[in-house]
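# Structural overview for review
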Amino acid sequence: MNQHFFIAGTDTGVGKTYVVTELLRSLHAAGINAVGFKPITCGDRAEVRSMREIIGQPNLSLDSVNPVYLRTATDPLMAAFLEHKEVDVDCLYDSWQKLTEQFDVVLTEGIYGWLTPIAPGVTAADFAKKLNLPIILVTDNRKGAAGQVAMVAESIAEMGLNCVGVILNHPGEEWDTAAVTNADLIERTTGLPILASLIQNDLVDAEILNV
């Protein structure tokens, strides 16, 4: 079994890392050889270390699961500019390819928002296109989420990629009217299935991946 996914976000801070981390936890508990791939990080690598610890691979190098680490806590293109570097997309792809040879499931976390620039003339979406994986779209379950999902889903389709569904992530403890109704609205307007509706500290069951 070799099945890999790209976990995209409508924006940064919507919960992509949380979803990837919890899916890895569930896959590992089920005995599935899985790993998370975080192509670029800016600021620190704490989340990368956490994903590595969950799968019980302390000897797996940080560079193998996070090939580009920029110390400046801003968007990748600007961080690279300030550090006099340039992100090599082919290097990112090669790192991903090596992981697919070692693990049955590789969960690639999108780089900030869907259209975030990562190199001159290159966006996070372009990297997703290069991988050509099924996409799971994560969004913050709040007012306006349906519009955000629709815009990103349209871009995904225009690039010839397959969005298999949406995960709604609500970081608060209570749901307002928008949070309660977003799932139905998104399914009605985009035709995409809601794979999970999460509230603070909910677990994410890897069964949604059908692997």
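The notes below deal with the structure included here. (Residues numbered from 1 in each chain as written. Predicted model: local features only at pLDDT ≥ 70, side-chain atom pairs only at ≥ 80, totals over all residues. Heavy atoms only, no water.)

### Brief notes about the packing of helix H1 (residues 16–29) against helix H2 (residues 46–54)
Put simply, H1 and H2 touch, their axes get as near as 9 Å, and they point 15° apart. In terms of their interaxial angle, H1 and H2 are classed as roughly parallel. At the point where H1 passes H2, the crossing takes the right-handed sense. Facing Thr17, Val20, Thr21, Leu24, Arg25 and His28 of H1, the residues of H2 in contact are Glu47, Ser50, Met51 and Ile54. For the contact of H1 with H2, the residue count by class is 4 nonpolar, 4 polar and 2 charged. (Axes fitted to C-alpha atoms, helices over the stretch in contact; angles between N-to-C directions. Helix = DSSP H or I, 4+ residues; strand = E, 2+ residues; numbered from the N terminus. Parallel < 35°, antiparallel > 145°, perpendicular 65-115°, else oblique. Left-handed = near helix turned anticlockwise from the far one by under 90°. Contact = heavy atoms within 4.5 Å. Nonpolar A, V, L, I, M, F, W, Y, C, P; charged D, E, K, R; others polar.)

### Considering unusual backbone geometry
One non-glycine residue with positive phi stands out, namely His84, at about 60°. Assignment of secondary structure puts His84 in the loop between helix H4 (76–82) and helix H5 (89–102). The exposure class assigned to His84 is exposed, which follows from its relative accessible area of 76%. The backbone of Asn132 sits at a positive phi, close to 55°, despite the residue not being glycine. Residue position: Asn132 is located in the loop between helix H6 (124–131) and strand S8 (135–140). For Asn132, a relative accessible area of 53% puts it in the exposed group. (Buried < 20%, exposed > 50% of the residue type's maximum accessible area, 1.4 Å probe, protein only.)

### Re the pattern of salt bridges
Should the charged atoms of two oppositely charged side chains come close, the side chains can pair. The final tally for this structure, using the stated rule, is 8 salt bridges. Between Arg25 and Glu22 there is a salt bridge; the shortest N-O distance is 3.2 Å. Taken together, the positions of Arg25 and Glu22, both in helix H1 and 3 residues apart, correspond to about one turn of that helix. A relative accessible area of 8% means that Glu22 is categorised as buried. Residues Arg142 and Asp140 are paired through a salt bridge, measuring 4.0 Å at the closest nitrogen-oxygen approach. (Salt bridge = Lys/Arg side-chain N within 4 Å of Asp/Glu carboxyl O.)

### Examining the pairing of S8
Of all 6 residues in S8, 6 are buried; the element is thus mostly enclosed. Taking every second residue as pointing to the same face, both faces of S8 are buried, with Ile135, Leu137 and Thr139 on one and Ile136, Val138 and Asp140 on the other. The sheet contact formed by strand S1 (residues 5–9) and S8 spans 4 bridges and is parallel. Directly across from Ile7, in S8, lies its bridge partner Ile136. Where S8 and strand S9 (residues 163–170) come together, 6 bridges link them in parallel fashion. Within S9, the residue paired with Leu137 across the bridge is Val166. Running through helix H7 (residues 145–158), the crossover from S8 to the neighbouring parallel element S9 is right-handed. (Pairing = 2+ DSSP bridges. Right-handed = clockwise from strand over helix to strand, strands pointing away.)

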